[in-house]
Amino acid sequence: MELLYCGFNGFGQLSSVRTGIVSCLTPFPAEGIQLASLSWSYVALKSDRGIQLSGFVGHRSHQVKCVGMHDSVAISCNRKHMLAVVETGVCWRYCIESGSWRRLDPFTTVEQDIEGEREDDSVVQVCSGATFDASVSESGRAFIMPSPIYNPGTKVTQVACGNEHCLLVTEIGEVFSWGIGSRGQLGHSDLENEDETARQVDVLAGLRVTRVAAGGWHSAAVTDSGDLYTWGWNNSGQLGFPTCAEEQQQCDKSETCSTEAVSILNFPLPVNWDKTIMNVGCGSRHTVVLLDDGSVWGCGWNAFGQLGTSPKTMQSCWKMHKLELPSKCVAQDVLCGAWSTMVFTIPDQEDKEPFAGRSLKRKHEEAD
């Protein structure tokens, strides 16, 4: 499996390239990668040799540093720290500034201790957003660490963090959201916040959602039928709908105005695209999807080449744009940082059905 990278490289995240912009998918100089996470200023990669950080680490850019934790089963990072869950279900935090690890208190059992009953409830997934950390326990509870935001009747299977909001998916395909809703990113048909507990996204009720992604101020969901739904802020076309600025340019040129332009969308809408989508990632202002044929497409902001093409030719786009992969390979997974994109690929002859039994342990992107 090969790891490809494009987008912002101002801190030397892709150590083999010295320019600040990587505008085409470029192989990452690492082998045997099992887990990956992107922050704005560095990349975290986990292999059999442990976790490696590449980028701005220890007050310096263009650094590559191994920090151990060989038994990590989940990782996630933001600019200030990285979270790692080990095989025993214990969660650790690594401080980028001090270069030290700290074991986090067992927050998943605090309420059980208060009630006088305690059962093991290990952490199985973590996600570092720009302003908070989220996690999922083995029993399916969700936390904005260390406080619970969802005590389910059905288990939470995925958590995703944006700048100021969080999305949850349950085992029966329900979607819940929590946090700031000022740009419609919560999907509740308003711009209100959800401060206490996560609230179900009613528009998606009745659909079975398999994956969600949280961008800076936008959100996306993939259903079991392969449809893509998006909502939130659309200033760069990251929702897959025309922006108001593009509509105005069209009006000025042709005097024929579109009625599809979107600035803020406060409830999920399906993107009208006749493709089967397997997975989705969201950056600060871009969205990337993986199709069932192993191709990768994206829309939104491209100022740093995060859509796999030069920003000189395309600053942004609302229509899905194909990211070119190396010949004779197909994508197996995608993830996004704030201004960057990663793609895991395999040779196309290695697996004629690249998504059958896929075992890659994927970390959701952090979107500063």
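Residues numbered from 1 in each chain as written. Predicted model: local features only at pLDDT ≥ 70, side-chain atom pairs only at ≥ 80, totals over all residues. Heavy atoms only, no water.

### Looking at the overall build of the protein chain
Point 1. The number of helices and strands found in the protein chain is two helices and 28 strands.
Point 2. Relative to its 368 residues, the protein chain shows a buried fraction of 57%.
Point 3. Long-range pairs, those at least 24 residues apart, make up 51% of the contacts in the protein chain with a sequence separation of at least 6. (Helix = DSSP H or I, 4+ residues; strand = E, 2+ residues; numbered from the N terminus. Buried < 20%, exposed > 50% of the residue type's maximum accessible area, 1.4 Å probe, protein only. Contact = heavy atoms within 4.5 Å.)

### Concerning the nonpolar core
Point 1. Residues Leu228, Phe241, Ile277, Val280, Val289 and Met320 are the most contacted members of the largest nonpolar core, which totals 17 residues.
Point 2. At the level of secondary structure, the elements contributing two or more residues to this core comprise β20 (218–223), β23 (277–282), β24 (286–291) and β25 (296–301).
Point 3. The dominant element in this core, judged by the number of residues it contributes, is β23, at three residues.
Point 4. The residues touching phenylalanine 241, leaving out its near neighbours within four places in the chain, are Thr230, Asn234, Glu260, Val262, Leu265, Leu269, Pro270, Val271 and Trp318. (Core = buried A, V, L, I, M, F, W, Y, C linked by side-chain atoms within 4.5 Å.)

### A closer look at the environment of valine 209
Point 1. Structurally, the position occupied by valine 209 is in strand β19 (residues 209–214).
Point 2. In this structure, the C-alpha to C-alpha distance between valine 209 and leucine 228, residues 19 residues apart in sequence, is 9.6 Å.
Point 3. Ignoring anything within four residues of it in the chain, the contact list for valine 209 reads Val169, Gly173, Val175, Leu204, Ala221, Val222 and Thr223.

### Overview of the sheet that holds strand β3 (residues 35–38)
Point 1. Ordered by their spatial adjacency, four strands build an open sheet running β3-β4-β5-β6, and the pairing between neighbours is antiparallel. With one partner strand each, in any of the chains shown, β3 and β6 (60–68) form the two edges of the open sheet. When the angles between neighbouring strand axes are averaged without regard to direction, this sheet yields 10 degrees.
Point 2. The pairing of strand β4 (residues 42–47) with strand β5 (residues 50–57) spans six bridges and is classified as antiparallel. (Pairing = 2+ DSSP bridges. Axes fitted to C-alpha atoms, helices over the stretch in contact; angles between N-to-C directions.)

### A word on the pairing of β25
Point 1. For β25, a buried count of six out of six residues is recorded, marking the element as mostly surrounded by other parts of the structure.
Point 2. The hairpin turn running from β24 into β25, its antiparallel successor, is four residues long, and glycine 294 in that turn takes a positive phi close to 85 degrees.
Point 3. Pairing analysis gives five bridges linking β25 to strand β26 (residues 316–323), with the strands arranged antiparallel. In the strand pairing of β26, tryptophan 301 is matched with serine 316.

### Things to note about the sheet that holds strand β22 (residues 264–270)
Pairing between the strands of a sheet is mediated by backbone hydrogen bonds and can be parallel or antiparallel.
Point 1. As summarised here, the arrangement of the four strands in space is β19-β20-β21-β22, forming an open sheet in which the pairing is antiparallel. Edge positions in the open sheet fall to β19 and β22, since each of these has one partner strand only. Sheet twist, expressed as the average angle between the axes of neighbouring strands with direction ignored, equals 10 degrees.
Point 2. Both strand β21 (residues 228–233) and β22 contribute to a ladder of four bridges, which runs antiparallel. Its bridge partner being in β22, threonine 230 is matched across the sheet by leucine 269.

### Brief notes about the side chain of asparagine 234
Point 1. Among the secondary structure elements, asparagine 234 is positioned in the loop between β21 and α2 (244–254).
Point 2. What makes asparagine 234 buried here is its relative accessible area of 0%.
Point 3. With sequence-adjacent residues up to four places away left out, asparagine 234 is seen in contact with Leu239, Gly240, Phe241, Pro242, Thr243, Val262 and Ser263.

### With respect to the pattern of salt bridges
Point 1. Applying the stated rule across the entire model yields four salt bridges.
Point 2. The salt bridge partner of arginine 141 is aspartate 121, with a shortest N-O separation of 3.1 Å. On the criterion of sequence distance, the pair formed by arginine 141 in the loop between β12 (133–137) and β13 (142–144) and aspartate 121 in the loop between α1 (110–115) and β11 (123–128) is long-range, its members being 20 residues apart.
Point 3. By relative accessible area, arginine 141 is classed as buried at 10%. (Salt bridge = Lys/Arg side-chain N within 4 Å of Asp/Glu carboxyl O.)

### Things to note about the environment of alanine 30
Point 1. Following the sequence through the fold, alanine 30 ends up in the loop between β2 (21–27) and β3.
Point 2. Measuring from C-alpha to C-alpha, the distance between alanine 30 and leucine 45 comes to 8.6 Å, with 15 residues separating the pair along the chain.

### Description of unusual backbone geometry
Point 1. Proline 146 follows methionine 145 through a cis peptide bond whose omega is 5 degrees.
Point 2. Relative to the elements of secondary structure, proline 146 occurs in the loop between β13 and β14 (147–150).
Point 3. Even without being a glycine, serine 189 presents a positive backbone phi close to 65 degrees.
Point 4. Look at serine 189 and you get partly exposed, because its relative accessible area is 44%.
Point 5. In this structure, lysine 328 takes a positive phi of about 60 degrees despite not being glycine.
Point 6. Locating lysine 328 in the fold gives a position in the loop between β26 and β27 (329–336).
Point 7. Take lysine 328: its relative accessible area is 67%, and that puts it in the exposed class.

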